[in-house]
Each structure stands twice: as structure tokens, then as C-alpha cells.
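Breakdown of the fold
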Amino acid sequence: MSNSELDRVIVRPVDEYNQKLVAYVHPPNWVNPQPADSYDLVVIGAGTAGLVVAAGAAGLGLGLKVALIEKHLMGGDCLNVGCVPSKTIIRSSRVVGEIWNGKNLGINIPSQIDIDFPAVMARMRRIRADISHHDSAERFASLGVDVFLGSGKFASSDIVEVAGKTLKFKKAVIATGARATKPAIIGIEQAGYLTNETVFSLIQRPEKLAVIGGGPIGCELAQAFRRLGSEVVLIHSGSHLLNKEDNDAAQVVQQTLIKEGIRLVLNAKVEEVVTVTEGKRLYFSTNGYRDSVTVDEILVGAGRSPNVEGLNLEAVGVKYDKRRGVEVNDYLQTTNPKIYAAGDICMDWKFTHAADAAARIVIKNTLFSPFGLGRSKLSSLVMPWVTYTDPEIAHVGLYESQDVETIKIPFSSVDRAIADAQEDGFLKIHHKKGSDEIVGATIVATHAGEMISEITTAIVNKIGLNKLSNVIHPYPTQAEAIKKAADTYRRTLLTPRTKKLLGFLTKFS
Ligand SMILES: Cc1cc2nc3c(=O)[nH]c(=O)nc-3n(C[C@H](O)[C@H](O)[C@H](O)COP(=O)(O)OP(=O)(O)OC[C@H]3O[C@@H](n4cnc5c(N)ncnc54)[C@H](O)[C@@H]3O)c2cc1C
Ligand SMILES: NC(=O)c1ccc[n+]([C@@H]2O[C@H](COP(=O)([O-])OP(=O)(O)OC[C@H]3O[C@@H](n4cnc5c(N)ncnc54)[C@H](O)[C@@H]3O)[C@@H](O)[C@H]2O)c1
């Protein structure tokens, strides 16, 4: 009997796209291979972290034996219920944002925009299915990885069990990711709610949507659904949205969401959810007042919980915390030196590119660091990230503080942003006091994510503001903001003495 007959995976709606997706990332007819006598690496979880470890190790052509175990959908959150579906529907919602902005651009827009929500979701499912072959069981098998579908768990210090098979390992990697944290709200389980695992299965637009949690998931999806035609109330426990971001940046996004008609409830505690004839009624308190709102659907984006359950970590001496995940040192080694971890299961940076970068560290440290020599450290990474609201917030490195100097360029002073009617936002670059060394940046702009890599490159390669100001940036581009910041820094170097010297030179030129 194939493993999948025991544990058939269904992605709703069951249409041609989702069937194609499942055929790639959890094929119903998959037969788990006969295990090798011993594996150099056994990887549990085939999300970004697990896939990168497995492909990287097997793809080196060194004949390493690698096993990869996935209980649900290969590709993990990113492909199936995270980055890919969210960014795809955000793309459709941005068209609506552009149309709303049309009146500022001399385009008269009809008062009623016809949004075909089922078509938006179908496009997302088609794209997700079309790119899923990259993460497919078949592709990984063709790379030389033994792919096992089923739930993996440790049986002893060198054995992992999956679907009745026993895999002996020299080293193992835990890459089981995280899931949406269940909200502790009375009545919400009975009323039912969406998370990132179910929201992308919608085929009809919820006319009224409550989003609980004003982090990246809540803000990205609240804006997308609002633009796609839902009436949205965003309920957040903090005093402002996106509390992990630069305050000024979060304010720009917050004001945009309000301007676009999202009802924002801050400092809120949702006390109870009750099912009524009109839908789901949420009772919440905010700033001493009690209020309620009735909606068709509730979407929860209130943080992530690591998938530590069922792995039998106690048996192999791997310490973990139910909230923070598997404990690792800077080399991504767990408290069992033969077992490593990567990705959302063990890291505060819960991003696909962070999982990818961590996976590369794990390959190096598990396979190419004899006696621990030459190991790579997580703390050596320079990690950028982007929240894909419109405008986007992109960040890397340190924040504004008394320890750094900050240069701020508003996009209202950048010609291309003015021409684009995209002036809401700014660039802040932080550099060391008394030096041009860049230590961090935040960009708020429609395509901030496309600009942050220039600054990340500068930080990684220690290219200071002096050198950046010599880099020609095409006119007119929004990235010119970076050049403007570098030029602003250069001007701060002009002391009265250097000015005098320059004046002297011009006289003889
Ligand atoms: C809505 C949303 C949008 C996001 N957008 C972005 C974005 O735009 N950019 C970005 O960088 N990041 C984004 N992220 C975060 C990103 O998806 C995660 O950081 C990334 O997927 C983490 O990868 P991972 O491999 O650590 O874990 P996961 O992707 O969660 O993969 C873990 C895998 O392990 C499997 N597994 C668990 N337990 C077992 C077991 N016992 N046996 C076998 N298999 C098991 C799971 O089924 C899963 O497939 C988003 C997340 C969400 C939820
Ligand atoms: N663009 C991206 O890279 C991207 C997009 C989405 C998610 N992610 C990743 O996924 C992770 C999880 O995102 P998230 O938004 O779920 O989590 P989060 O923890 O970043 O934000 C959730 C917010 O919800 C609030 N909250 C928690 N419980 C609440 C309640 N009961 N009522 C009201 N508010 C409540 C919290 O104060 C918090 O600020 C992020 O940390 C991020 O790393 C990344």
C-alpha cells in the first residue's frame, strides 16, 4: 500500500489546479522508497528549509545519502499557504489600488469596479500549481533524494521513523516549520475561523471580514481583501500596526489602510465570538470600551507556533519551547550535537529567504566542517525582509537609535515617486557615528522590496555611503533615494575648512 493511501491529502477546492498541485507536492500514488542502510542526512519537513538542505546536499554529486520526509505538502508554507498565494492575490489587489489612484493620474474611473473574486483566486491556484514542480516529490527524487511521504519522528538517537519505515542517520535536520497560533478567544473554535492554511481555499469573497492581528499576515491580507471588495475590520492588540517595524514606517502603512476604508481597532482584546443569524459576532474591548462587530468570516494572523509536537524530541535530547521552538546554538545545532534545525521551527526570522540561508549554514556545518572547523554562524547573516503592503516596508539591519546617525529621504523629494504619484513613504539609512559605514535601513515605498537589496549588498560588502554616492543611479528611478541619502552624507563632511579649500581650488581651475 502506498503511504498516501493511508494519508490522502486534499487541497480545497478540488479543481484542476489543486489536483495538479497535489500531484506534484504530495502525489497520491507515491510509493516510499526502500530506505538505504544508513543516511548521511535525514531531513524532517520539506518546506523551504528542508528542501534547500536536501537539494543542496544531494545535488553536490558526492554520493551523499539524503532522505527527505514530508507529512503534508512539499514546498511547505511558502508555496502552499504563504508567500506564493498571498503575493499572487496581492498582485490582483494592487490593480485595484492603482485604479483608486487613477483620479490622481488624470484617469476617470467608473465608480463601480467589477472585481471577479473567484477569478482572482483561480489565478492564484493556477500559478501556485504551475510553479509547484520545482518542489515536487518527483524532482527531488530525480536529484537523488529519497523522498518519504508521512509523518517523521525520532525513534532513537540515530533512527527516524516514517510510515512504518526506519531511517538510520549520521546527522538529522529538523525543518518542520510553524503554524498559525490558535487564539485564546471564547467561542472562536465553535464559530470557526480562517488562518493562512484555509484562507487561500476561499472561492467566494467574504463580504465582511474581521482580521485578528496587525502583524505582516494581518496587514498584507487585510489590505488585499479590502481592495478586492470586502468590508474589513482589523483588530490588533498593539497600539499601532506592524509593531516590529520602524514606527514611522508602520504609521505610513497604518494611515494608508485607514484611508482605504479598513476599520482599525487598536489596543483591542477580542473577548468572545458568538454565532448569530447574520454571521459571526466578535465582542471586543478597546481603551475601556466594549464593542462588537458582525462579519461573515474571521481571519486570524496572530503569530506562529512551532511544529514541535509528535517528533519525540524528548527521546533524543533535543530541547524545545512550545512557543519559541527548537533550541539551537549559533551553528544551528540543537542540544543533541547530531541533530540540527533550520527555518521557522527554530528562528525568530520567519522568512523564506531566512530559511534558505539557514539551510545553507546547516549543509556546511553538518557535512563540511570536520571536528567543527570552519562552521558558519547564523549571527553572521545580514537579514533583510519586506512586508508586502502597499506601500511596502523593507528593512535591513539596525533601527534608528541614539547609537547611529540617520539620514531620511522622503519620497516626496524623489522625482520618479512624484511622477508615479507614489510619494507616501521614505528611505532611512543608518550609519555608524563618525563613519560612512551603513548599519541599517528602512524603506517605505510601493516597491521598497526591490530597493533594499542594494543596501543589503552595501552592508555585506562594507560599501560605505561615500562609495554609494559615486554609483550612478538612472534618472528617474525611485532608487535614486539611495543616491540622495549618500550625497546627503557626503555634504555632512563639508566642514567650514574643506569648504574654504574647495573655494580656493575653484579660483585656480
Ligand atoms: C501568509 C504567509 C505569508 C508569508 N509571506 C512571506 C513572504 O512574502 N516572504 C517571506 O520571506 N516569508 C513569508 N512567509 C513566511 C514563510 O512562509 C516561512 O518563513 C517559510 O515557509 C519557512 O519555511 P520552513 O521550511 O522553515 O517551514 P515550512 O514552510 O512551514 O515547512 C515545514 C514543513 O514541515 C512539514 N512537517 C511538519 N512536521 C512534520 C513531521 N513530523 N514530519 C514530516 N513533515 C513535517 C510541514 O508539513 C511543512 O511542509 C509567509 C508566511 C505566511 C503564513
Ligand atoms: N512579507 C513577509 O515576509 C511575511 C508575510 C507574512 C508573514 N510573514 C512571517 O510570518 C510571521 C507571522 O506573522 P503574523 O502576522 O501572524 O505574526 P506576528 O507575530 O508578526 O504579528 C501578529 C500580531 O498580532 C497581534 N495579536 C496576537 N494575538 C492577538 C489577538 N488575540 N488579538 C489581536 N491582536 C493579536 C500581536 O500583538 C502581533 O503584533 C511573521 O513574523 C513573519 O516573519 C512574513
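Residues numbered from 1 in each chain as written. Chains lettered and ligands numbered in written order. Predicted model: local features only at pLDDT ≥ 70, side-chain atom pairs only at ≥ 80, totals over all residues. Heavy atoms only, no water.

Points about the side chain of N307
So the rule is basically this: The helix and strand labels rest on DSSP assignments: H or I over at least four residues marks a helix, E over at least two residues marks a strand, and numbering proceeds from the N terminus. Under the rule applied, a polar contact is a pair of N or O atoms within 3.5 Å (in protein, one hydrogen donor and one hydrogen acceptor; residues adjacent in sequence only if both atoms are side-chain atoms).
Tracing the chain through its elements places N307 in the loop between β15 (304-306) and β16 (320-321). A polar atom in the side chain of N307 sits 2.7 Å from the backbone oxygen of T176.

Some remarks on the confidence of the model for the chain
What counts is decided by this rule: A score from 0 to 100, pLDDT tells how confident the predictor is in each residue.
Of the residues in the chain, 99% have a pLDDT of 70 or more, and the chain-wide mean is 96. Scored by ipTM, the complex comes to 0.99, with pTM at 0.97.

Thoughts on the sheet that holds strand β19 (residues 384-387)
Stated precisely, the cut-off is as follows: A pair of strands is considered paired only if DSSP assigns at least 2 bridges between the two. Fitting a line to C-alpha atoms yields each axis, with helices limited to the stretch in contact; the angle taken between N-to-C directions then spans 0 to 180 degrees.
An order of β19-β20-β23-β22-β21 is seen for the five strands of this open sheet, with the pairing classed as antiparallel. Edge positions in the sheet fall to β19 and β21 (404-410), since each of these pairs with one other strand and no more. Each neighbouring strand pair of the sheet contributes to a mean axis angle of 10°, computed without reference to strand direction. With five bridges joining them, strand β22 (residues 426-432) and strand β23 (residues 438-445) adopt antiparallel strand pairing. What sits directly across from I429, in β23, is A441.

Regarding the packing of aromatic side chains
When we look at a pair of aromatic rings, we describe it by the centre distance and by the angle of the planes. Condition: By convention, a stacked pair of Phe, Tyr or Trp rings (six-membered ring in the case of Trp) has centres within 6.5 Å and planes under 30 degrees apart, an edge-to-face pair has planes over 60 apart, and any other such pair is tilted. Per-residue accessibility, obtained with a 1.4 Å probe over protein chains only, is compared with the maximum for each type, and a residue is labelled buried under 20%, exposed over 50%, and partly exposed between these values. Throughout this description, the term charge over a ring refers to an Arg CZ or Lys NZ atom that lies within 6 Å of the ring centre and within 35 degrees of the ring normal.
The final tally for this structure, using the stated rule, is four aromatic pairs. For the pair F154 and F169, a centre-to-centre distance of 6.0 Å together with 75° between the ring planes defines the contact as edge-to-face. One end of the pair, F154, is in strand β4 (residues 152-156); the other, F169, is in strand β6 (residues 165-174), and 15 residues separate them in sequence. Owing to a relative accessible area of 0%, F154 belongs among the buried residues under this scheme. Of the residues examined, F169 reaches a relative accessible area of 3% and is grouped as buried. When the centroid spacing of 5.5 Å and the interplanar angle of 10° are considered together, the rings of F351 and W385 count as stacked. Taken together, the residues span a long stretch of sequence, with F351 in the loop between β18 (339-341) and α11 (352-367) and W385 in strand β19 at a distance of 34 residues. The partly exposed category is assigned to F351, whose relative accessible area is 24%. A cation over an aromatic ring shows up here: R375 above the ring of Y331, its NZ or CZ 3.6 Å from the ring centre. A cation over an aromatic ring shows up here: K408 above the ring of F426, its NZ or CZ 4.6 Å from the ring centre.

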